[in-house]
Each structure stands twice: as C-alpha cells, then as structure tokens.
Amino acid sequence: EAFWMADQPIGEGQICPRSGKMGCALVDWLPEEYVGGQTHFLSWSWGYTVEEVRSALRLWLTKTGLAAEEVFLFMCFFVNNQFRILKEKSSTGSDDLVKVFGPTLERIGIVVALLDSWNSPQYLTRIWTIFEQFTAIQRRIPVHIIMPEAATRGLMLTIERGSVGLTKVC
C-alpha cells in the first residue's frame, strides 16, 4: 500500500491508458524499456517479502534457463490499477478482475505459482490464489510451482530423510 497511500502516490498524476482517468497502474508509470508483452502469469500472495519473491524468481530462472530480460510477468502488483482500487476505494477495478481474469490467463498461457513455503504456504490460505489455480486447471493452463531457495532447501532436506521425511511431505 505504501506506493499508493503515500503523500505523492505513484501514478496519481498520470492518466490511466485504459480508463482515461487520473491515476494509473504501476506498469503504466514505468519507463517503456521495462515493460513488455506478458510471457508468464505470476500467482502469488501479498504477504510475501520482496526477498522471497526475488529468491524464488532467481531460482526459477536458473533452473529453467530462461533469460530474465525475455521474461515479462503479469503480476497484479504492477498491472492492476492499485491506485484506483486502494486510494479511491473503487469496487469497479476489483469487480472487473474476475471478469477479465480467465481470458488474461488464456492469453498469457502459463501460470507460475509462488509458494512461500512447502509445509504451510500462505498461498493456500488465500481464496484468490485458490481461484487462480481453479481457473488455470479449468482452462487447462500449465502451472509451474516455485519457492524461494530457503523453502526449496528445506523441502529437499525433508525428502532426504527418507520415509520419515516423506511422511511429512505427503
């Protein structure tokens, strides 16, 4: 919320290219060289730390061999007009989210779901992220699960404990 609730909120003085109203999404505020057609939809939970997100994305890029400069994530933090949703307390922006969500997933074609931990992910406590998974499954969109390095390491150490560890995972 800090970006949009500050004395000078990001995007407040810029016209939104979709609605024509003052106040735009972060993606509309960024310089063009940092914006591109989305290649992956990042499904995540607002409670994550910046380091958890960075760590998971760094590990995912390394394991997949994808080049960071060729990956453009659809991440609600950047794309949804948080200025309008939070600052103006407009329900219009959030009401439209459900209507446009399925077609957005279909257009992008790949979901990357970021879990903060393997044993008690915050992700699974949020109805919206469950809805994202439901929508992806319903529309047969591939989902890739990623986690920060510490969570991945913890999962591997647990599995390496053999049957004792596997009972904790399963």
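Residues numbered from 1 in each chain as written. Predicted model: local features only at pLDDT ≥ 70, side-chain atom pairs only at ≥ 80, totals over all residues. Heavy atoms only, no water.

### Section: the overall build of the protein
And step 1. What the protein contains, in helices and strands, is 9 helices and 4 strands.
And step 2. N-terminal to C-terminal, the α/β element order of the protein is α-α-β-α-β-α-α-α-β-α-β-α-α.
And step 3. When the 170 residues of the protein are sorted by exposure, 39% land in the buried category.
And step 4. A sequence separation of at least 24 residues applies to 70% of the contacts in the protein between residues at least 6 apart.
And step 5. Within the structure as shown, the protein displays about 10300 Å² of accessible surface, and the carbon and sulfur contribution to it stands at 58%. (Helix = DSSP H or I, 4+ residues; strand = E, 2+ residues; numbered from the N terminus. Buried < 20%, exposed > 50% of the residue type's maximum accessible area, 1.4 Å probe, protein only. Contact = heavy atoms within 4.5 Å. Areas by Shrake-Rupley, 256 points an atom, 1.4 Å probe, with all protein chains shown as cover.)

### Digging into helix 3 (residues 50–64)
And step 1. With 15 residues, helix 3 extends 21 Å from end C-alpha to end C-alpha; this agrees with the ideal 21 Å at 1.5 Å per step.
And step 2. Every buried residue of helix 3 is accounted for by V53, S55, A56, L57, L59, W60 and L61.
And step 3. Tucked inside the fold, the buried residues of helix 3 contact strand 1 (40–43), strand 2 (73–74), strand 3 (111–114), strand 4 (143–146) and helix 8 (149–159).
And step 4. After helix 3 finishes, the residue G65 shows a positive phi value of roughly 75°. (Expected span 1.5 Å × (residues − 1).)

### Here's the deal with the side chain of T158
And step 1. Within the secondary structure layout, T158 lies in helix 8.
And step 2. Beyond its immediate chain neighbours, meaning those up to four positions away, T158 contacts W118, G165, L166, K168 and V169.

### A few points about a nonpolar patch on the surface
And step 1. On the surface, L124, I127, W128 and I130 cluster together to form a nonpolar patch covering roughly 410 Å² of accessible area.
And step 2. Within the fold, I130 resides in helix 7 (residues 127–138).
And step 3. Relative accessible area serves as the criterion here: at 36%, I130 is assigned to the partly exposed category. (Patch = residues over 30% accessible without salt bridge, like charges linked within 9 Å, V, L, I, M, F, W, Y side chains within 5 Å. Salt bridge = Lys/Arg side-chain N within 4 Å of Asp/Glu carboxyl O.)

### Quick look at the sheet that holds strand 3
And step 1. Here 4 strands make up an open sheet; going across it, the order is 2-1-3-4 and the pairing parallel. On the outer flanks of this sheet lie strand 2 and strand 4, each paired with one strand and no other.
And step 2. Of the pairings in the sheet, the one linking strand 1 to strand 2 comprises 2 bridges and is parallel in character. Directly across from F41, in strand 2, lies its bridge partner F74.
And step 3. Contacting strand 1, strand 3 and strand 4, helix 7 runs over the sheet at an angle of about 145° to strand 1. (Pairing = 2+ DSSP bridges. Axes fitted to C-alpha atoms, helices over the stretch in contact; angles between N-to-C directions.)

### What about helix 8?
And step 1. Listed as buried for helix 8 are A151, T152, L155 and T158. Buried residues of helix 8, seen end-on, are gathered within an arc of 125° and therefore sit on one face of the element. Turned more than 90 degrees away from the buried face of helix 8 sit A150 and L157, all of them exposed.
And step 2. In this fold, the buried residues of helix 8 make contact with helix 3 and helix 9 (163–169). (Arc of directions from axis to C-beta.)

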